[in-house]
Amino acid sequence: MVNVPVLQQLNQLLHILFIFLPFLWALGTLPPPDALFLWAMEQVLEFGLGGSSVSTHLWLLIMFFISAGTAVTSYFIPSTVGVVLFMTGLGFLLSLNLSKIGFVFKLNVIRHRVGTKSKTLPNCSEKQFTWKEYLFYIIVLVLALLETGLLHHFAGFSQIAKNSPQAILGYILMVLFIILWILKEIQNVYIFGIFRNPFYPKDVQTVTLFLEKQTRLAKIGVVRRILLNLVSPFAMIAFLSLDSSLQGLHSVSVSIGFTRAFRMVWQNTENALLETVIVSAVHLLISSTDIWWNRSLDTGIRLLLVGIMRDRLIQFISKLQFAVTVLLASWTEKKRRKSTTTLCILNIVFSPFVLVLIVFSTLLSSPLLPLFTLPLFLVGFPRPVQSWPGVVGTTACVCADTVYYYQMVPSLTTALQSAMAAGSLGLLLPGSHYLGRFQDRLIWIMILECGYTYCCINIKGLELQETSCHTAEARRVDEVFESAFEQEEYARVCSINEHFGNVLTPCTALPVKLYSDARNVLSGIIDSHDNLREFKGDLVKVLVWILVQYCSRRSSMQENVHKIENKRKASLIVLPALNTPPQTESPEDTDSLNSETLDDWSDDVFGEEPTIKKGREKDQLKILPGINLPIPGSVESQRVGNHSTGTVTENSLYKAIVLGYPAIDKGKQEDMAYIPLMEFSCSHSHLLSLPEEWMSNCLPNSKVKEMSSLFPEDWYQFVLKQLECFHSEENASVVVEEIAKDRVLKDFYVHAVMTCYFSLFGVDNMIPSPGHILRVYNGVLPWSVALDWLTEKPELFQLALKAFRYTLKLMIDKASLGPVEDFKELTNCLEEYESDWYIGLVSDEKWKEAVLQEKPYLFSLGYDPHMGVYTGRVLTLQELLIQIGKLNTEAVRGQWANLSWELLYATNDDEERYSIQAHPLLLRNLTVQAADPPLGYPIYSSKPLHIRLF
């Protein structure tokens, strides 16, 4: 063994290699053991066994051992027909979406065991696999087995010759390949990424116009789908079944080569078709049997070698394009031109060495790593496509803007399904990256796994905050898409892509249902004296409408639990009598309104930015727990203190609390509202009665008198007559008339409405300023006598706040669209706000819930401190176009490899480091954001999404 020359030479080479191992480790070129193991397994699975990269490491292990077992088993099958049928059947089954099928099967087993409890189990996966799909797969499998078995058994074997059946199938496959390639290129906005497609719509701005112009392309996509998913696989199976190499049983090359070939037919039909066409064409052109290609290799091994060469050639072109882009990016950047000029010159001088590095990186299928994204290239260590730890979609830097990506992903997935099936996104390969753009949203799409009629993707959402780097690159993305999709009608038929050197190549536009974001300046509306004066009158009307609607819904819900017969007894309610004797208060119960308290809630009459003290804000927004809401109209005895309402005196039952007014001499106090117990004059009035804890009074008699004149009685009558909760009654109109005439009920609403009105406007009954409007809109009420009373009633507080926000939106609509003509139009406006709008704060949880529930419209009021203006933000749910482009895969891999090297090996975590600065050609900042945490920081990352392509 010592004297073997080969071993001696290997020994010398290893001694030299071991010397450089520490240096290679320091540069990050040596792979970690787990990455090397997974990379080797992925390469063998993809190129040796015909599989695909997968979304998880565990599934990679499972698929590798199953696929390897298939190849080993085929070696021991004694019959050629059995071998062909076995390879065809297993190749088809392994190319299906087995992970999803297995999940659905497991779910069905659990449902069968649980039985009646199965309704609680999730059923979202069942929607993705119906019995029609299973039937389709079974039919295709049976037809494939019949075709393979019959052709292999009855047709004669022959070498590929010009007149043989296999040669004729080769010609058919060539024609199919050319047709499919043309149909695929027609679907893209650019042909070869360079020339503008004359068949693609020129001006892509509105969804309706785009869909009308794309009708012909959609029909072409259907034809392509049929040719790709049905015609091509059966033609390739026939080609393989007639091959003479299958006569050689118990051959390792036949088992490996044809196991891969029969699997690739279904796993990646487009690549398999290209490989088969190349092998057939080469054999027809070089018919001599003396050549090594024809003499020593069977068809399966030829297809394997062609597949490896195809993949490495595509990688080499992408890496070379990436290297040139890095050189151009360094040279065109004016700030860094002096420091990078030397590196650019060295790259040109030592270009052969750079090419060797690119070739070596291509052979290893490892990323080309530009150090600090400068033109200083290294070979990154080999790593699998999933080069991040953990399961896809489990990590993201969640923030308030994440909800917008959650809402749009289901619709985007549906649009991607149509585009991928039609070929609009080009050749679908695991590891491909796409970038979508709409307004301030950037969507990063990565393909994780591909198979027969399915594709598994991951969707990420990038931050919406416009930093300087983010804005610079997003502007370039907009320019790239605008030059492709927004061309004039008189533009040249076949224009050239102006941004060909960019790593982003536009593909297509997708109609997606999402929220468009519009921000308007409210100057001239919110600061108009006339609008603010009308605002006060409208607020009372909106309060009446909201409280009446609340009571009618509340009583309707409770009627389902309690029968009406139990509520026929007269209810004791609270009436704020205005001319009754006052009750005595101790001097300690009154407190003067001091200026120190008013400082906590300062108002700006000039409309400047409002200032609010945080401590006071928290106190005002505090919601008291433990409040039990009684049933309206209930006659049950309500305990107050240690007495029941049947025995306690009325004065001790309801105490009028007065806080904040100047102290008055004892015996000369102002008359306070005394609250007797009264009965409704109508037996149905209890259906609209407010909760009893809202009956207590907190305002002095003079204040109630002053504000009662503002109550719109005619509007109150109109709102009652519009209610729909009495339609089940026999004489609904009569019942409504009786309730409308009930003075007791009306006085109660007067008290509740005017108390809320007083709470929202504070001590002074003056026209509010814009600053006042903004503060109350944000939930910070001015100090007043009724403030504590209102905040102790969370439901009433929220209803009053809701009424205030509705009134603001009404004021803006009246200023923009014109005044409201009558009560009917006002009711329609309020009903529209209730059903189609969410009017509140962006920071509220209900705002997120409204986005996820897909409310048609959302509105929020804000203030821009830089411009000193009040703004309105409106989100509108509609179907709009998202522009999608394909990224250079090697550019993304190289920048992510540099990011990993820089943070883990060089430990350079400077937030302003060069490698994350914006660059329009490389899109460095966006690429870094899209990396999985902890290296990147996307604000949204979906779980693996399985898309059907047929």
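Reading the values: the criteria
- Residues numbered from 1 in each chain as written.
- Predicted model: local features only at pLDDT ≥ 70, side-chain atom pairs only at ≥ 80, totals over all residues.
- Heavy atoms only, no water.
- UniProt positions renumbered as here; feature names shortened; annotations may be inferred.
- Helix = DSSP H or I, 4+ residues; strand = E, 2+ residues; numbered from the N terminus.
- Buried < 20%, exposed > 50% of the residue type's maximum accessible area, 1.4 Å probe, protein only.
- Contact = heavy atoms within 4.5 Å.
- Areas by Shrake-Rupley, 256 points an atom, 1.4 Å probe, with all protein chains shown as cover.
- Axes fitted to C-alpha atoms, helices over the stretch in contact; angles between N-to-C directions.
- Parallel < 35°, antiparallel > 145°, perpendicular 65-115°, else oblique.
- Left-handed = near helix turned anticlockwise from the far one by under 90°.
- Nonpolar A, V, L, I, M, F, W, Y, C, P; charged D, E, K, R; others polar.
- Phe/Tyr/Trp six-rings, centres within 6.5 Å; stacked < 30°, edge-to-face > 60°.
- Pairing = 2+ DSSP bridges.
- Right-handed = clockwise from strand over helix to strand, strands pointing away.
- Core = buried A, V, L, I, M, F, W, Y, C linked by side-chain atoms within 4.5 Å.
- Salt bridge = Lys/Arg side-chain N within 4 Å of Asp/Glu carboxyl O.
- Polar contact = N/O pair within 3.5 Å; in protein donor to acceptor, adjacent residues only side chain to side chain.
- Arc of directions from axis to C-beta.
- Patch = residues over 30% accessible without salt bridge, like charges linked within 9 Å, V, L, I, M, F, W, Y side chains within 5 Å.
- Disulfide = S-S within 2.5 Å.
- Expected span 1.5 Å × (residues − 1).

Per an unreviewed UniProt entry, the protein goes by the name Pecanex-like protein and belongs to Camelus ferus. UniProt annotates the protein under Sequence similarities (unreviewed entry) with the comment "Belongs to the pecanex family." The UniProt entry for the protein carries the following comment under Subcellular location (unreviewed entry): "Membrane".

Caption draft 1: How the structure looks around the overall build of the protein. In terms of helices and strands, the protein carries 32 helices and 17 strands. When each of the 950 residues of the protein is scored for burial, the buried share is 52%. For the protein, contacts bridging at least 24 residues in sequence account for 76% of all contacts bridging at least 6. With the model as given, the accessible surface of the protein reaches about 44700 Å², and the carbon-plus-sulfur share is 61%.

Caption draft 2: Structural detail: the packing of helix H6 (residues 131-154) against helix H9 (residues 215-241). One way to put it is that H6 packs onto H9 with a least axis distance of 9 Å and a crossing angle of 25°. For the element pair H6 / H9, the angle class is roughly parallel. In the packing of H6 onto H9, the handedness of the crossing is right-handed. Contact residues: H6 offers Phe136, Val140, Leu143, Ala144, Glu147, Thr148, Leu151 and His152, while H9 offers Leu230, Phe234, Ile237, Ala238 and Ser241. Split by residue class, the contact of H6 with H9 holds nine nonpolar, three polar and one charged.

Caption draft 3: Spatial organisation of the packing of helix H4 (residues 80-94) against helix H10 (residues 252-267). Running from amino to carboxyl end, H4 crosses H10 at an angle of 45°, the nearest separation of the two axes being 8 Å. Viewed along their axes, H4 and H10 adopt a mutual orientation that is oblique. Every pair of crossing elements has a handedness; the one defined by H4 and H10 is right-handed. Here H4 contributes Val84, Met87, Thr88, Gly91, Phe92 and Leu94 to the contact with H10, which in turn contributes Val254, Ser255, Phe258, Thr259, Phe262, Arg263, Trp266 and Gln267. Of the residues contributing to the contact of H4 with H10, the split by class is eight nonpolar, five polar and one charged.

Caption draft 4: Quick peek at the packing of aromatic side chains. As enumerated under the stated definition, the model contains 33 aromatic pairs in all. Relative to phenylalanine 210, the ring of tyrosine 200 has its centre 6.3 Å away and its plane inclined at 50°; by these criteria the two rings are tilted. With tyrosine 200 in the loop between strand S2 (195-196) and helix H8 (207-213) and phenylalanine 210 in helix H8, this residue pair connects regions lying ten residues apart in the sequence. Take tyrosine 200 and phenylalanine 210: they sit in the same class, and that class is buried.

Caption draft 5: Representation of the UniProt feature "transmembrane region" (unreviewed entry) in the protein in the model. UniProt's feature table lists "transmembrane region" (unreviewed entry) at residues 12-37, 83-105, 134-155, 167-183 and 343-365, given in the numbering used throughout. Secondary structure across residues 12-37 divides into 77% helix and 0% strand, with the first and last C-alpha atoms of the span separated by 26 Å. Helix makes up 91% of residues 343-365 and strand 0%, whereas the separation of the span's terminal C-alpha atoms amounts to 25 Å.

Caption draft 6: Molecular detail of the side chain of threonine 148. Tracing the sequence through the fold places threonine 148 in helix H6. Using a relative accessible area of 0% as the deciding quantity, one classes threonine 148 as buried. Setting aside residues no more than four positions away along its own chain, threonine 148 makes contact with Val84, Thr88, Ile237 and Ser241.

Caption draft 7: Structural view of the pairing of strand S14 (residues 857-864). Bridge analysis of strand S13 (residues 837-839) against S14 gives three bridges, and the strand direction is parallel. Within S14, the residue paired with tryptophan 837 across the bridge is tyrosine 857. In this fold, S13 hands off to helix H30 (residues 845-852), which returns the chain to S14; that crossover is right-handed. Note: S14 against strand S15 (residues 869-887), eight bridges, orientation antiparallel. Bridge pairing in S15 places glycine 862 opposite threonine 871. Between the end of S14 and the start of S15, which pair antiparallel, lie four residues, with glycine 868 showing a positive phi angle near 70°.

Caption draft 8: Spotlight on the nonpolar core. Counting 81 residues, the largest nonpolar core has Leu547, Tyr749, Leu808, Phe859 and Leu861 as the members making the most contacts within it. For this core, the element with the most residues is helix H18 (residues 529-559), which contributes 13 residues. Beyond its immediate sequence surroundings of up to four residues, phenylalanine 859 is in contact with Tyr777, Leu808, Lys809, Ile812, Trp837, Tyr838, Ile839, Gly840, Trp847, Gly872, Arg873 and Val874. Of all hydrophobic cores here, the second largest spans 47 residues; its members include Val83, Met87, Val140 and Met236.

Caption draft 9: Looking closely at the pattern of salt bridges. Using the criterion set out here, one finds 21 salt bridges in the structure. Taking the shortest distance from any N to any O, the salt bridge between aspartate 478 and arginine 437 comes out at 2.8 Å. Here aspartate 478, found in helix H17 (residues 468-485), pairs with arginine 437, found in strand S5 (residues 433-438); they are 41 residues apart in sequence, far enough to count as distant. Taken together, the salt bridges that share partners define one network made up of Arg260, Glu275 and Arg310.

Caption draft 10: Broad picture of the environment of lysine 319. Here lysine 319 lies in helix H13 (residues 299-332). The spatial distance from the C-alpha of lysine 319 to the C-alpha of leucine 369 is 10.0 Å, given a sequence separation of 50 residues. In this structure lysine 319 touches Ile358, Ser361, Thr362, Ser366, Pro367, Leu368, Glu890 and Arg893, once residues within four positions along its chain are discounted. Side-chain polar atoms of lysine 319 contact the side chain of glutamate 890, separated by 2.8 Å.

Caption draft 11: Expanded view of unusual backbone geometry. For the bond running from proline 933 to proline 934, omega is 10°, close enough to zero to count as cis. Position of proline 934 among the secondary structure elements: in the loop between helix H32 (924-930) and strand S16 (940-941). With a phi close to 55°, threonine 373 is a non-glycine residue in the positive phi region. Relative to the helices and strands, threonine 373 is located in the loop between strand S3 (368-370) and strand S4 (377-379). If you check the backbone angles, glutamine 439 has positive phi at about 50° while not being a glycine. Checked against the element boundaries, glutamine 439 lands in the loop between S5 and strand S6 (441-451). Assessed through its relative accessible area of 37%, glutamine 439 is described here as partly exposed.

Caption draft 12: Examining the environment of valine 282 more closely. By the element assignment, valine 282 lies in helix H11 (residues 269-285). When its relative accessible area of 25% is taken as the criterion, valine 282 is described as partly exposed. With twelve residues separating them in the primary sequence, valine 282 and asparagine 294 have C-alpha atoms 9.6 Å apart.

Caption draft 13: View of H30. Every buried residue belonging to H30 is among Trp847, Ala850 and Val851, and all of these are buried. One side of H30 holds all its buried residues, which, seen down the axis, span an arc of 100°. Turned more than 90 degrees away from the buried face of H30 sit Glu845, Lys846 and Leu852, all of them exposed. Downstream of H30 by a residue or two, glutamate 854 has a phi angle that is positive, lying close to 60°.

Caption draft 14: Geometry of the pairing of strand S7 (residues 454-461). Burial runs high along S7: eight of the eight residues are buried. Direction of pairing for S6 relative to S7: antiparallel, over a ladder of eight bridges. What sits directly across from glutamate 449, in S7, is cysteine 456. Hairpin remark: S6 followed by S7, antiparallel, with two residues in the connecting loop; positive phi at threonine 453, about 60°.

Caption draft 15: Expanded view of a nonpolar patch on the surface. There is a patch of nonpolar side chains on the surface, built from Trp131, Leu135, Ile138, Ile139, Val142, Leu143, Leu146, Leu150 and Phe154 and spanning about 940 Å² of accessible area. Structurally, the position occupied by valine 142 is in helix H6.

Caption draft 16: Inspection of the environment of tryptophan 331 at higher detail. By the element assignment, tryptophan 331 lies in helix H13. Distance in space between the C-alpha atoms of tryptophan 331 and cysteine 344 is 7.3 Å, their sequence separation being 13 residues. Filtering out sequence-adjacent residues up to four positions away, tryptophan 331 remains in contact with Arg337, Thr341 and Cys344.

Caption draft 17: Main features of the state of the cysteines. For the coordinates displayed, the defined rule picks out zero disulfides. Cysteine 397 supplies the cysteine sulfur nearest to cysteine 399, a cysteine that is in no disulfide, at a spacing of 8.6 Å. Look at cysteine 399 and you get partly exposed, because its relative accessible area is 31%.

Caption draft 18: Molecular detail of H11. Look at H11: 24 Å from first C-alpha to last across 17 residues, which is about the 24 Å you get at 1.5 Å a residue. H11 sits mainly inside the fold: twelve of its 17 residues count as buried. The complete set of buried residues in H11 reads Thr269, Glu270, Asn271, Ala272, Leu273, Glu275, Thr276, Val277, Val279, Ser280, His283 and Leu284. Next to the buried residues of H11 lie helix H7 (165-187), H9, H10, helix H12 (292-295) and H13.

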